[in-house]
Amino acid sequence: MKGAVLRQVGDTAVSVVDDLEVVSTGPGQVRVDIQATGVCHTDISAMEGIIPTGIPAALGHEGAGIVAEVGEGVKNVAVGDHVVVAWVPPCGNCSYCLGGQPHLCLEIMMLTSMEPRFVLNGEPVFGLAGCGTFAEEVVLPAQSVVKIPDDVPFDVASLLGCGVMTGGGAAINTAKVTPGSSVVVFGVGGIGVSVIQGAKIAGAAEIVAVDPIESKWEQAKRFGATHACAPDGLDTLKSELTAGQGFDFAFEAVGIPATIRATYDAARRGGTAVIVGAGRGDQTIELNAFELFYMEKHLVGSFYGSANVRLDFDRLLRLWRTGRLDLEGMITQRVPLSDVNSAFDDMKAGKVIRTVLEVGSSRR
């Protein structure tokens, strides 16, 4: 079958092959025919070594498809079901799952990340985050798929698997944005747009999008931002909208020290700064001891939108059905799997919100 494989960390392109083989379906596992998969910045982060992955690896973790086979003991889905892949599946039994933080469960993801998901020319191939949705088929633990209604288009459904859940969940679940509040979002890619939509759904009064690429400003407003500016224009809006005090909620969707620090600074005293972007492990930010005490800001990371995927995927789809969450509008282009490297280039250049790779033959 066809797949997109990262040969070495540091490679600037993946190899699109047509002789990738998927592992056999074992007990408690399902085989999914991938129909559509989003191109996420996390895939680029894996290529650059920011997100760890076994090598070689089939990239992709934001996918939707049809269950083609179920292993012994699988009861949550059946052959023919339409599903979204959850790259951080909750096991349901650990202290995080039982304690109400299923998004922090790594029991299944760590196991699947360390086990090869594919074979290429007789050699084992891993899947990014234990998934590898840049392939026509994947075999996953049954916990890694969430059933969705058959009438949901696969391209729309795929976005739930990472970007929309991560960004929208950061606003709704992690920060718990309140009605009438002020919000600023640094970075207007797929994650940032999802944060903006989540803040709008939560009832924020002002939502400021900050991005150095001017063409993204109107794009941000289309999804719910009330204002947009370059980083050097934020102080003016901060003075105009908050009397200089700062924003109730500030979100970082880039993952670099400068914007993390700017996000903390943009939050008002007693406000909340949420770090959504995935940064490098060897980079740091500086906060002085006095400001941490005196400003009493809430500085929090948001991993996978603090999601409970078995509830939140359905919630997001209901918001989509009623027109409150625009998923189709986030898809800038749909291209075949063979164009994945061009999709990476478009993302790096800031030309797209999301590219969806059309993989399977049963595309809607």
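This one's a predicted model, so the numbers in the text were calculated from it and none came from an experiment. (Residues numbered from 1 in each chain as written. Predicted model: local features only at pLDDT ≥ 70, side-chain atom pairs only at ≥ 80, totals over all residues. Heavy atoms only, no water.)

Caption draft 1: The arrangement of the pattern of salt bridges in detail. Within this structure, the stated rule accounts for 16 salt bridges. Here Arg334 ties to Asp155 by a salt bridge, and the two come within 2.6 Å at their closest N and O atoms. Of this pair, Arg334 sits in strand 18 (residues 331-336) while Asp155 sits in helix 4 (residues 154-160), and the two are 179 residues apart along the sequence. In this structure, Asp314 engages Arg318 in a salt bridge whose closest nitrogen and oxygen atoms are separated by 3.5 Å. You can see Asp314 and its partner Arg318 sitting in helix 11 (residues 309-321), four residues apart, about one turn around the helix. It is possible to trace a salt-bridge network through shared partners that takes in Arg31, Asp33, Glu69 and Glu137. (Salt bridge = Lys/Arg side-chain N within 4 Å of Asp/Glu carboxyl O. Helix = DSSP H or I, 4+ residues; strand = E, 2+ residues; numbered from the N terminus.)

Caption draft 2: Local environment of the sheet that holds strand 13 (residues 206-210). One open sheet accounts for six strands, arranged 14-13-12-15-16-17; its pairing is parallel. The open sheet is flanked by strand 14 (227-229) and strand 17 (298-301), the only strands paired with a single partner. Sheet twist, expressed as the average angle between the axes of neighbouring strands with direction ignored, equals 15°. As paired strands, strand 13 and strand 14 are joined by three bridges and run parallel to one another. Bridge pairing links Val210 to Cys229 in strand 14. Its contacts with the sheet put helix 9 (residues 257-266) on strand 12 (182-186), strand 15 (247-252), strand 16 (267-275) and strand 17, and the angle it makes with strand 16 is roughly 145°. (Pairing = 2+ DSSP bridges. Axes fitted to C-alpha atoms, helices over the stretch in contact; angles between N-to-C directions. Contact = heavy atoms within 4.5 Å.)

Caption draft 3: Looking closely at unusual backbone geometry. Ile55 connects to Pro56 through a cis peptide bond whose omega is -5°. Here Pro56 is to be found in the loop between helix 1 (41-48) and strand 5 (57-58). Of note, the phi angle at Asn121 is positive, near 55°, even though the residue is not glycine. Not every positive phi belongs to a glycine, and Ser306 is a case in point at roughly 50°. The partly exposed category is assigned to Ser306, whose relative accessible area is 22%. (Buried < 20%, exposed > 50% of the residue type's maximum accessible area, 1.4 Å probe, protein only.)

Caption draft 4: The side chain of Thr166, seen in detail. Within the element layout of this structure, Thr166 appears in helix 5 (residues 163-174). Judged by its relative accessible area of 7%, Thr166 falls in the buried class. Look past the residues within four positions of Thr166 in its chain and what remains in contact with it is Ile191, Val276, Tyr304 and Gly305.

Caption draft 5: Molecular detail of helix 3 (residues 107-114). All of the buried residues in helix 3 are Ile108, Met109 and Thr112. The buried side chains of helix 3 occupy one side of the element, clustering within an arc of 95° when seen end-on. Residues of helix 3 that are exposed and point more than 90 degrees away from the buried face comprise Glu107 and Met114. Buried positions along helix 3 lie against strand 10 (137-141). (Arc of directions from axis to C-beta.)

Caption draft 6: Fine view of the sheet that holds strand 8 (residues 118-120). A sheet is described by the order of its strands in space; here six strands give the open sequence 2-1-5-9-8-3, paired in mixed fashion. Both outer strands of the open sheet, strand 2 (15-17) and strand 3 (20-22), are each paired with one neighbouring strand and no more. Relative to strand 8, strand 3 runs antiparallel, the two being bridged by three bridges. Note that in strand 8 the partner of Glu21 across the bridge is Val119.

Caption draft 7: Structural detail: the environment of Glu328. By secondary structure assignment, the location of Glu328 is in the loop between helix 11 and strand 18. With 171 residues separating them in the primary sequence, Glu328 and Ala157 have C-alpha atoms 9.8 Å apart. Leave out the neighbours within four places in its chain, and Glu328 touches Val156 and Trp320.

Caption draft 8: A look at the packing of aromatic side chains. Applying the stated criterion to the full structure yields five aromatic pairs. Taking the centre distance of 5.6 Å and the plane angle of 75° together, the rings of Trp87 and Phe303 count as edge-to-face. With a gap of 216 residues between them, Trp87 in the loop between strand 7 (82-85) and helix 2 (95-98) and Phe303 in the loop between strand 17 and helix 11 connect regions that are remote in the sequence. Relative to Tyr304, the ring of Trp87 lies with its centre 5.1 Å away and its plane at 45°, an arrangement referred to as tilted. Of the two residues, Trp87 sits in the loop between strand 7 and helix 2 while Tyr304 sits in the loop between strand 17 and helix 11, which places them 217 residues apart along the sequence. We classify Trp87 as buried; its relative accessible area is 13%. A relative accessible area of 2% means that Tyr304 is categorised as buried. A network of ring pairs unites the aromatic residues Trp87, Phe303 and Tyr304 as a single cluster. Just above the ring of Tyr294 sits the side chain of Arg269; from NZ or CZ to the centre is 4.1 Å. Here the guanidinium or amino end of Lys297 rests over the ring plane of Tyr264, the centre of that ring lying 4.6 Å away. (Phe/Tyr/Trp six-rings, centres within 6.5 Å; stacked < 30°, edge-to-face > 60°. Lys NZ or Arg CZ within 6 Å of the ring centre and 35° of its normal.)

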